[in-house]
Amino acid sequence: MQKIFFASFPSYFCINSIITVDEALPVREVENMYEDLTGEELCKRWNTDEQKGLTWKEAERRLLEQGENTLKKGKERTILDMIQEQLNDPMIFVLFMAASISLLLREFGDTGIILLVIFLNTTIGVIQEGRAKKAMEALKKMTAPEAVVKREGVYKKISASKIVCGDVVKLEAGDQIPADIRLLTCRGLETNESALTGESLPVRKETKRISKGSPMAEWKNMVFMLTEVRKGSAEGIVVATGMDTELGKIAHMINETKGEMTPLQKRLGELGKTLSVGAVGLCMVLFLLGIVQHRNILQMLLLSISLAVAAIPEGLPAVVTIVLALGVARMAKANTIIRKLPAVETLGSVGVICSDKTGTLTQNKMKVVKVYGNNKLLPVNQMRKREFPKLMEGFLLCNNSVLGKQEIGDSTELALLHMGKEMGYTREKMEERYPRVREIPFDSEKKYMITVHKDGNNETAYVKGACDYLLECCSFWWVDGVAVPMTQVHRMKIRMVMESMAREGLRVLALAFKQYVKEQTEKEIMRSLTFAGLAGMMDPPRPKVQQSVRRLKQAGVQVVMITGDYKDTAFAVARNIGIAESFDQCMTGMELDVMPEAVFEEKMKNIRVFARVTPAHKVKIVKRFRENGEIVAMTGDGVNDAPSLQAADIGIAMGANGTDVAKNAADMILTDDNFATIERAMEEGRGIYVNIKKSILFLLSSNFGEILTMFAAVLFSLPTPLKASHILWVNLITDSLPALALGVDKNDWKALMSQRPREPKEGIFAQGGWFCTIFYGLLIGSITLYAFFKGGQTYAFTVLGISQLFHAIGMRDREKSVFCMNHLENPFMIVAFFLGIGLQAAVTEIPWLVEVFQIHRLSLGEWWWLIKVSAIPLLAHELLLLQDFLMEIAYKNKKPS
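Since this is a predicted model, take the numbers as computed values, not measurements.

**Some thoughts on the overall build of the chain**
When helices and strands are tallied, the chain shows 36 helices and 24 strands. Within the chain, the fraction of its 897 residues that count as buried is 55%. For the chain, the accessible surface area stands at approximately 39,600 Å², while carbon and sulfur atoms represent 58% of it.

The structure is reproduced here in C-alpha cells:
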C-alpha cells in the first residue's frame, strides 16, 4: 500500500525542513509583481547586473538577510502529545474514576478490566493519529538540489538552497527550476507546470511584459519553483525564494488548513460528552438515593461504579474502528485506498464534489476528435482509412514527437501521430519516402513550425500552427487533390469551421504546404501557401464519467468542475459530461476576485464550473461550500491541489499520476485516477454509515437497559442485580460481537444511492433512533429485572447478555420481519449469535469463571427458561412491524377512493 501512496518524484530534492499544521509560519508578502517590469527595471529593482550577476560578497549578504531557499521548520507532534489527546476524553475520565474507586475498594478484578479498556481505546486512537499528514514532507523532496547561477560574470553551479533574490540563473532542458524566476532571455522555452497548475499541456514561455493583474496562468515571462524545463533554454532573475515562491505560498496554505473532525467524529464526540455527563449525573442521583435509604456507603460506591460502567459503551470505539477498517479493505479492492479511517464514512454524507478537470474527469492526454479537409468536417471515428491523405501526410511529417513503448514529445503532436496510425499512416514510412531536409522550429511569436522534405527532385514545405495566422498566408485551398485559388468566401467558411470547433472546447491546429521550395527562405516559404485543413483535439472525458455524473445527480450530489483551463474549454468539457448546461454556470478566478462575498454566496447555488483558478481560489471555493452547510469532497493530483484537498471534508487524490504532495494531503487515493470510482466509494460510505448507526443504536439501547436495571434496583431498595464485571463482560464481549456483525451487514445499494445525502447536522438518533434506544432499553431492563426476581444475579446476568443477542438480529433491519430477512447474507451475525451464547454459557459452566464472576451454574431447564425470556426483544420487533402493517391498512381503507 505504501508504494501506491508515494509515486516516484525525484528523491534528490532538498527542502531541508518543514512546517507542520500545528505551527504555520507567516508568508512574507511580495510587494511587487515582476511580470509587468522590463528587464532594465527588474535589474534596477534587485540591484543586479544582467551581464555579470551578483558579486559573491553581495550574494552572501543577501543570504544572511533573506535566509536559505528552503521551507522553514515548525513544531512536530510527539507520541506523548497524541496519547494525552486520546486520554483527554470525558468517557475516559469516567472510566478512570470508576477504576480508582474500584481500587480503593480492593475490587482488583474490576479495576484491571476497566484499565484494560482504557489502554485498548487509547492504543487504537494513537495508531490512527500516527498516520500524520505528510504533504509537507513530500514538498521537502521537491526542490532542485543545484542550479547554475551567474556570479561576477562567471557561470557557477551551486546548491539551490544558496540562491538569493537578484541572482541571474541559467536554465536548460531537463532542469528543475530552483526558485521563482522572471525571464530575461528565452530560446524556445517550454515548461511543464502540471504539478503546480494541474494542466497537462506544456507552457511556452516568452519575455514580453504582462499587464498587471493578469492571472498567474498567463504569466508567460515567469517560471516557478518545482516546475521543469521541457524544451529550450533561458536566463532570468530570481524574484522569490523559499516561502515567498508560489510553491511556498501553497506550503503555507497547506499548513494554514487545520484538520477538522469528520461528521461521524463530531457525532461520536457529542455522544461521548452526553453519556459522560449522564453517567456522572446518574451516579450522583444514585448515591443520594442510597444515603436517603440509609444504605451502606461502600455498597453505594460499588453500585455507582456499576452504573458508570453501564452508561458507557466501552466496546463502541473498537467496533467503529473495526467496521471502518473492514470498509477500507473492501474499498481497496475497488481501486480506492483510504488513508484516514473516518473518511470512509464521510464519503456517504458528501453533498458536493469539487473535481479537477485534467486527469480526473478527462484522460490527461490529447486526442484528435474532428478533422476538416477537402471541404468536409468529420469526426475521426467516422473517417475512412487513408482519408485526407495530404492533410495526414503533413501532420505526420511536420512533427517531432515519437510513438513507441515510451511516448516522447508534445501532447498535441502525439495526438496527431495517434490519429495517423488509426488512419493507416506512420511517420517512419512517410519520412522514408519524404526525408526531412531542414526544420524551422516553433516560435511563440510566429506560432508555427516548418519542416521541409525531399519530394523527388524537388522539396515540399509543411507548415503547422495557429489557424488565424496560417490562413492569412494562404493563397490556395487543397480540394479533391487540386490547389484552387483561395477566395474571401473560402476564408470565411474555414473561419466558421474553426470557430465552431473552438466553441466545442477543441484545440485547433491548421496545416498548410508549399511545393517547389528548394533554397527558399522562411519568408519566401510563408508566401502563397496552400491550405490543407484543420485538426480539432481535446483531452477527452474518461470512460463512464458521464454515467457517474448522472447517477451522482440522482443521488443528490452536486458535481462542480474546478480547473486552471480557459472558460470556453472548461464549459465545453463540463457540458459534454453533464456537469453544466449553460455558459452562465461558469465563473473565472478573476471574476471571483472582484465579486463581493454576498454576491458570490448567492451565485454559488448555480455555478458548476470555475475556470482559470489559482490554488487560493480553490481553497476559497471549498470553504464557501462548507460555510453553506455542505459536506465537500475535493479531487486533485497536483501540488496546487494540496491546500484545497486539506480544506475539504474529504480530499481525494489521484494515485497513478498524482504528486506525492497531493496524495499526502488527501484522505483517500484513487489508484485508477478514475472519477467513476468515486461513485462506488460513495455507495460504500453510505452503507458504512447505515451500519455504524445500527451498531451504535444497538449498543446504546443495550446500555440503557443496563442503566435501567441498576437504577430501578436502587430506587426500589432492591439488592444489586449486576456487578461491574458483569456489565463489562456484556459490553465488551457479548455486545461487541453482534455489533461488529451489524457493522458488516449487506445493504441495498440502489436504495441508498436513490436518497439525497443526509443533512450534515443530522444526529445519530434521527429517524426513529430515540424511540429504538428508549423502547428496547426499557424492554431489556424490564426482563433483566424480572429474571433477577426469579433467580438472582446469575439469571439477571444471563438474560442481559442473551437478550441483546436476540435484539441484534432484529436491528439488522427495523422495517423488515426476521422471517423476510436473508440471514445468509450476513453469516457473521449467525456466528456472533451462537458464539455469544457459547461464551455466556462458558461463564456459568466453567468453574474458575464462575468464581471470578461470583455466580452459580445453571441446569438445562433453567437455560431453556432464560432463553425464552431473552427472546422477548425479537418478539417485540415482530409485534411493532405487525402494528405498523395494520395501521397502514387502516389508513388506506380510510382514504377516499
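**Let's talk about the packing of helix H28 (residues 676-715) against helix H32 (residues 769-811)**
For the pair H28 and H32, the least separation of the axes is 8 Å and the interaxial angle reads 40°. In terms of orientation, H28 lies oblique with respect to H32. In this structure, H28 crosses over H32, and the sense of that crossing is right-handed. Along the lines of polarity and charge, the residues of the contact of H28 with H32 split into 15 nonpolar, 12 polar and 2 charged.

**Concerning the environment of Glu-759**
Among the secondary structure elements, Glu-759 is positioned in the loop between helix H31 (749-752) and H32. Given the relative accessible area of 55%, Glu-759 is considered exposed. Glu-759 sits 408 residues away from Gly-351 along the chain, and the two C-alpha atoms are 8.8 Å apart.

**Some words on the pairing of strand E4 (residues 180-192)**
Direction of pairing for E4 relative to strand E7 (residues 228-240): antiparallel, over a ladder of 10 bridges. Paired with Asp-180 across the two strands is Ala-240, which belongs to E7. Pairing analysis gives 2 bridges linking E4 to strand E6 (residues 222-223), with the strands arranged antiparallel. In the sheet register, Ile-181 faces E6, and the bridge partner there is Val-223. Both E4 and strand E5 (residues 203-204) contribute to a ladder of 2 bridges, which runs antiparallel.

**Digging into the nonpolar core**
Counting residues in each nonpolar core, the largest one holds 113 residues, and the members touching the most others are Ile-353, Ile-450, Ile-494, Phe-531, Leu-534, Met-561 and Phe-675. By residue number, the principal contributor to this core is H32, which donates 13 residues. What Phe-675 contacts, discounting residues up to four positions off in sequence, is Ile-353, Ser-355, Thr-360, Leu-361, Arg-542, Val-545, Ser-548, Val-549, Leu-552 and Val-559. Counting 52 residues, the second largest nonpolar core, distinct from the first, contains Leu-37, Leu-184, Ile-254 and Ile-669.

**A short note on the sheet that holds strand E20 (residues 586-588)**
Hydrogen bonds between backbone groups are what pair the strands of a sheet, and the pairing can be parallel or antiparallel. What the 8 strands build is an open sheet, ordered E8-E24-E23-E22-E9-E19-E21-E20; its pairing is mixed. Edge strands, defined here as strands with exactly one partner in the open sheet, are strand E8 (336-338) and E20. Across this sheet, the average inter-strand angle for adjacent strands is 20°, counted without regard to direction. Sheet analysis places strand E19 (residues 558-562) next to strand E21 (residues 609-611), joined by 2 bridges and oriented parallel. If you follow Ile-562 over to E21, its bridge partner there is Phe-610. Where H28 meets the sheet, it contacts E8, strand E9 (352-356), strand E22 (632-636), strand E23 (650-654) and strand E24 (668-670), and its direction lies at approximately 135° from that of E24.

**Topic: the confidence of the model for the chain**
Predicted confidence across the chain gives a mean pLDDT of 81, with 87% of residues reaching 70 or more. Note that residues 1-32 has pLDDT below 50 and, in this model, 92 contacts with residues that lie over four places away or in other chains. Overall, residues 129-136 carries pLDDT values under 50, and its contacts beyond four positions in sequence, including any with other chains, amount to 26 contacts.

**Describing the environment of Ala-160**
On the secondary structure map, Ala-160 appears in the loop between strand E2 (154-159) and strand E3 (168-172). Relative accessible area serves as the criterion here: at 1%, Ala-160 is assigned to the buried category. Between the C-alpha atoms of Ala-160 and Thr-70, which are 90 residues apart in sequence, the distance is 8.8 Å.

**A look at the side chain of Lys-390**
Among the structural elements, Lys-390 can be located in helix H15 (residues 389-397). The class for Lys-390 is buried, based on a relative accessible area of 14%. A distance of 3.3 Å separates polar atoms of two side chains, one belonging to Lys-390 and the other to Glu-393. Beyond its immediate stretch of four places on either side in the chain, Lys-390 contacts Tyr-462, Trp-478, Leu-511, Phe-513 and Gln-515.

**A word on helix H25 (residues 615-627)**
Under the 1.5 Å per step criterion, the end-to-end length of H25 is 18 Å for 13 residues, consistent within 8% with the ideal 18 Å. At the C-terminal side of H25, Gly-629 shows a positive phi close to 90°.

**Let's talk about unusual backbone geometry**
At Ser-528, a position not held by glycine, the phi torsion is positive, near 55°. Here Ser-528 is to be found in the loop between helix H20 (522-525) and strand E18 (529-538).

**A few points about the pattern of salt bridges**
Overall, the coordinates contain 35 salt bridges when judged by the stated rule. Through salt bridges with shared partners, one network takes in Glu-597, Glu-601, Lys-620, Arg-624 and Glu-627.

**Let's talk about the packing of aromatic side chains**
Geometry of an aromatic ring pair is reported as the spacing of the ring centres plus the angle between the planes. Enumeration over the complete set of coordinates arrives at 15 aromatic pairs. Taken together, the aromatic side chains of Tyr-462, Trp-478 and Phe-513 make up a single cluster linked through ring pairs. The side chain of Arg-45 reaches across the aromatic face of Trp-46, ending 4.4 Å from its centre. Directly above the aromatic system of Tyr-155 lies the positively charged group of Lys-170, at a separation of 4.7 Å from the ring centroid.

**So, the pairing of strand E16 (residues 482-485)**
One ladder, built from 4 bridges, connects strand E15 (residues 474-479) with E16; its direction is antiparallel. Residue pairing for E16: Val-479 is matched across the bridge by Val-482. What sits between the antiparallel neighbours E15 and E16 is a turn of 2 residues, in which Asp-480 has the positive phi angle 55°.

**Description of the packing of H32 against helix H33 (residues 827-845)**
For the pair H32 and H33, interaxial distance at closest approach is 10 Å and the crossing angle is 175°. What the angle tells us is that H32 and H33 run roughly antiparallel. In this structure, H32 contributes Thr-794, Phe-797, Thr-798, Gly-801, Ile-802, Leu-805, Phe-806, Ala-808 and Ile-809 to the contact, and H33 contributes Met-829, Ala-832, Phe-833, Gly-836, Ile-837, Gln-840, Val-843 and Thr-844. Of the residues assigned to the contact of H32 with H33, the class counts are 11 nonpolar, 6 polar and no charged.

**Describing the environment of Thr-245**
Mapped onto the elements, Thr-245 comes out in the loop between E7 and helix H9 (246-256). Between the alpha carbons of Thr-245 and Asp-180 there is a distance of 5.7 Å; along the sequence they are 65 residues apart. A distance of 2.8 Å separates a polar atom in the side chain of Thr-245 from the backbone oxygen of Gly-242.

Scoring rules and cut-offs
Residues numbered from 1 in each chain as written. Predicted model: local features only at pLDDT ≥ 70, side-chain atom pairs only at ≥ 80, totals over all residues. Heavy atoms only, no water. Helix = DSSP H or I, 4+ residues; strand = E, 2+ residues; numbered from the N terminus. Buried < 20%, exposed > 50% of the residue type's maximum accessible area, 1.4 Å probe, protein only. Areas by Shrake-Rupley, 256 points an atom, 1.4 Å probe, with all protein chains shown as cover. Axes fitted to C-alpha atoms, helices over the stretch in contact; angles between N-to-C directions. Parallel < 35°, antiparallel > 145°, perpendicular 65-115°, else oblique. Left-handed = near helix turned anticlockwise from the far one by under 90°. Nonpolar A, V, L, I, M, F, W, Y, C, P; charged D, E, K, R; others polar. Pairing = 2+ DSSP bridges. Core = buried A, V, L, I, M, F, W, Y, C linked by side-chain atoms within 4.5 Å. Contact = heavy atoms within 4.5 Å. pLDDT = per-residue confidence, 0-100. Polar contact = N/O pair within 3.5 Å; in protein donor to acceptor, adjacent residues only side chain to side chain. Expected span 1.5 Å × (residues − 1). Salt bridge = Lys/Arg side-chain N within 4 Å of Asp/Glu carboxyl O. Phe/Tyr/Trp six-rings, centres within 6.5 Å; stacked < 30°, edge-to-face > 60°. Lys NZ or Arg CZ within 6 Å of the ring centre and 35° of its normal.

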